[in-house]
Amino acid sequence: MSDTPEQLYAPREPIFPKRVKGTFRSLKWWIMGITLGIYYLAPWIRWDRGPNLPDQAILVDMANRRFYFFWIEIWPHEFYFIAGLLIMAGLGLFLFTSAAGRVWCGYTCPQTVWTDLFILVERWIEGDRNARLRLHRQKWNAEKIRKRVVKFAIWIVIAVATGGAWVFYFADAPTLLRDLLTGNAHALAYSTIGVLTLTTFFFGGIAREQICIYACPWPRIQAAMMDEDTITIAYRDWRGEPRGKGKVRDDMGDCIDCNACVNVCPMGIDIRDGQQMECITCGLCIDACDEIMDKVGKPRGLIDYLALSDESHERAGNEKIPVIKHLLRPRTILYTSLWALVGIALTVALFVRPKVDVTIHPVRNPTYVTLADGSIRNTYDVGVRNRHGEEWPYYFSVAEDSPMTVELEGSDKLVLVAPPDTEAKQRLYVVAPPGSEAARTSRTDLRIWVVDGVTGDRTYMDTVFNGRGR
């Protein structure tokens, strides 16, 4: 009996995907280019909002508690817009997973996009799959050191650019870039870039598929949104088996066991073994298999996007079920409806936002004050949000037929001049004359009007006036 303890952990064997051409590989290149272009370039887009306001199109202004997206400006009290967008993102993920499996993971997940980019650099420097395997297994020498140093250097540049692009969303990009290069930026900016550089380098370059398999929870919860009509990648074993290694005979299936589908898989799995948690439905195995089928004169589609319900249908010799029938089913219709409802609600809320944004809160201690002439005075705390880039006047009043009057603390003209792009707070008094109904009644409904002194836009807040009671 051997004294060597049994190894319970197998060291990871790095995966070196082979280069492949085809429809889905081209689609992934396009998506990678577009998503990376948006991420790196978006902070540099300018948008004129007027004086004293930032001209960056997309900006999370933490210092002033604002979120800018082109012509849209979100204030802290409007965080429900951000919450709504997160809900839409979640519902969209549920919808795509229910309809087509892990297409998010295979095409647009940041881990997938950056890993694709890092593998592209690796292939450019070290060669295709076989060359990279040889380099990985050979002893350290000048060639191996040179190629690894060049590869890691380019990876670090990409990682630094990734972290740098992220911080540009939180400050004016040109100004922050100048401060970063001159050493005058805040320490938080440098530390954020440092953390993101390390994580990007490790996740995209070193860990790769390990993040998807072990760190990401999505593979383990996606099954709750999938059913037998969900389109995912599958192997038509009823057509491919039995396999004929390197030859084509009438008693053999279409699969020639060339392992092309395995060699191009970024997760290192064999799709012919059936559905697996590791599969990200990227479609590269489809491109590889289709290329082989063309060479051996067999029809494409041995590996394809399929639904589980297609198996029994096609085994019986029937035609493939149209994709639209898989997509239009109760689950996907429900997700689409919920997603659309949230989107419509957010759009309506965005366009019906009051042009004059005001809050009025009664001061309860004391509830009312009796003045020397017998009048009853109530006190209110008023807040007016000035969304303009300059000082803006706002006027206060009650209904014209009301005997009550309005007084503004510190102003004889009932005008509150709000500083630019901020919320101005002021104390407001409403006075009911002695003997009036409001003075003699415990509670009276009160509507306070606020008028934009420049545009004339009006809004109101309903509150209550407290009198002495009978």
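Residues numbered from 1 in each chain as written. Predicted model: local features only at pLDDT ≥ 70, side-chain atom pairs only at ≥ 80, totals over all residues. Heavy atoms only, no water.

1. Quick look at the sheet that holds strand 2 (residues 66–69)
Thought 1: Taken in spatial order, the three strands make up an open sheet running 1-2-3, and their pairing is antiparallel. At either end of the open sheet lies a strand with only one pairing partner, and these are strand 1 (58–61) and strand 3 (72–74). Pairwise comparison of adjacent strand axes, ignoring direction, gives a mean angle of 10° for this sheet.
Thought 2: Where strand 2 meets strand 3, three bridges bridge the pair, whose relative direction is antiparallel. The residue of strand 3 that forms the bridge with F69 is I72. (Pairing = 2+ DSSP bridges. Helix = DSSP H or I, 4+ residues; strand = E, 2+ residues; numbered from the N terminus. Axes fitted to C-alpha atoms, helices over the stretch in contact; angles between N-to-C directions.)

2. A word on the environment of A307
Thought 1: Summarising the element assignment, A307 is placed in the loop between strand 5 (303–306) and helix 14 (309–315).
Thought 2: Accessibility expressed as a relative area gives 5% for A307, which makes it buried.
Thought 3: Here the alpha-carbon distance between A307 and E228, two residues 79 residues apart in the chain, equals 6.1 Å.
Thought 4: Ignoring sequence-local partners within four residues, the contact set of A307 consists of E228, D229, T230, I231 and H326. (Buried < 20%, exposed > 50% of the residue type's maximum accessible area, 1.4 Å probe, protein only. Contact = heavy atoms within 4.5 Å.)

3. Side note on the sheet that holds strand 9 (residues 392–397)
Thought 1: In space, the four strands of this open sheet follow the order 11-9-13-14, with antiparallel pairing throughout. Of all the strands in the sheet, the pair left with one neighbour each is strand 11 (415–418) and strand 14 (458–466). The sheet shows a mean angle of 25° between the axes of neighbouring strands, direction not considered.
Thought 2: Across four bridges, strand 9 lies against strand 11 in antiparallel orientation.

4. Describing the packing of aromatic side chains
Thought 1: Using the criterion set out here, one finds 19 aromatic pairs in the structure.
Thought 2: When the centroid spacing of 5.2 Å and the interplanar angle of 70° are considered together, the rings of W44 and F168 count as edge-to-face. Of the two residues, W44 is situated in the loop between helix 1 (23–41) and strand 1 and F168 in the loop between helix 6 (142–167) and helix 7 (173–182); the sequence distance between them amounts to 124 residues.
Thought 3: Using a relative accessible area of 33% as the deciding quantity, one classes W44 as partly exposed.
Thought 4: Pairing W155 with F201 gives two aromatic rings, centres 5.8 Å apart and planes at 70°, and the pair type is edge-to-face. Of the two residues, W155 is situated in helix 6 and F201 in helix 8 (residues 187–207); the sequence distance between them amounts to 46 residues.
Thought 5: Following the ring pairs from residue to residue traces out a cluster consisting of Y39, Y40, W114 and Y169.
Thought 6: Between R25 and the ring centre of W29, over which it is positioned, the NZ or CZ distance is 3.7 Å. (Phe/Tyr/Trp six-rings, centres within 6.5 Å; stacked < 30°, edge-to-face > 60°. Lys NZ or Arg CZ within 6 Å of the ring centre and 35° of its normal.)

5. Examining the environment of A399
Thought 1: By the secondary structure assignment, A399 is in the loop between strand 9 and strand 10 (405–408).
Thought 2: Taking the C-alpha atoms as reference points, A399 and R447, separated by 48 residues in sequence, lie 7.2 Å from one another.
Thought 3: Every residue in contact with A399, bar those within four places of it in the chain, is listed here: R447 and W449.

6. Some points on helix 2 (residues 80–100)
Thought 1: For helix 2, which comprises 21 residues, the first-to-last C-alpha distance of 30 Å matches the rise-based estimate of 30 Å (1.5 Å per residue) to within 8%.
Thought 2: Regarding helix 2, the residues found buried are F81, G84, M88, L91, G92, L95, T97, S98, A99 and A100.
Thought 3: Taken together, the buried residues of helix 2 touch strand 3, helix 3 (103–108), helix 10 (218–221), helix 15 (323–327) and helix 16 (330–351).
Thought 4: Immediately downstream of helix 2, the backbone of G101 shows phi near 65°, a positive value. (Expected span 1.5 Å × (residues − 1).)

7. As for the packing of helix 4 (residues 110–126) against helix 8
Thought 1: Between helix 4 and helix 8, whose axes approach to 8 Å, the crossing angle comes to 75°. When the interaxial angle is binned, helix 4 and helix 8 end up roughly perpendicular. In this structure, helix 4 uses Q111, W114, T115 and F118 to contact helix 8, whose residues at the interface are T200, F201, F203, G204 and G205.
Thought 2: Partitioning the contact of helix 4 with helix 8 into residue classes produces four nonpolar, five polar and no charged. (Parallel < 35°, antiparallel > 145°, perpendicular 65-115°, else oblique. Nonpolar A, V, L, I, M, F, W, Y, C, P; charged D, E, K, R; others polar.)

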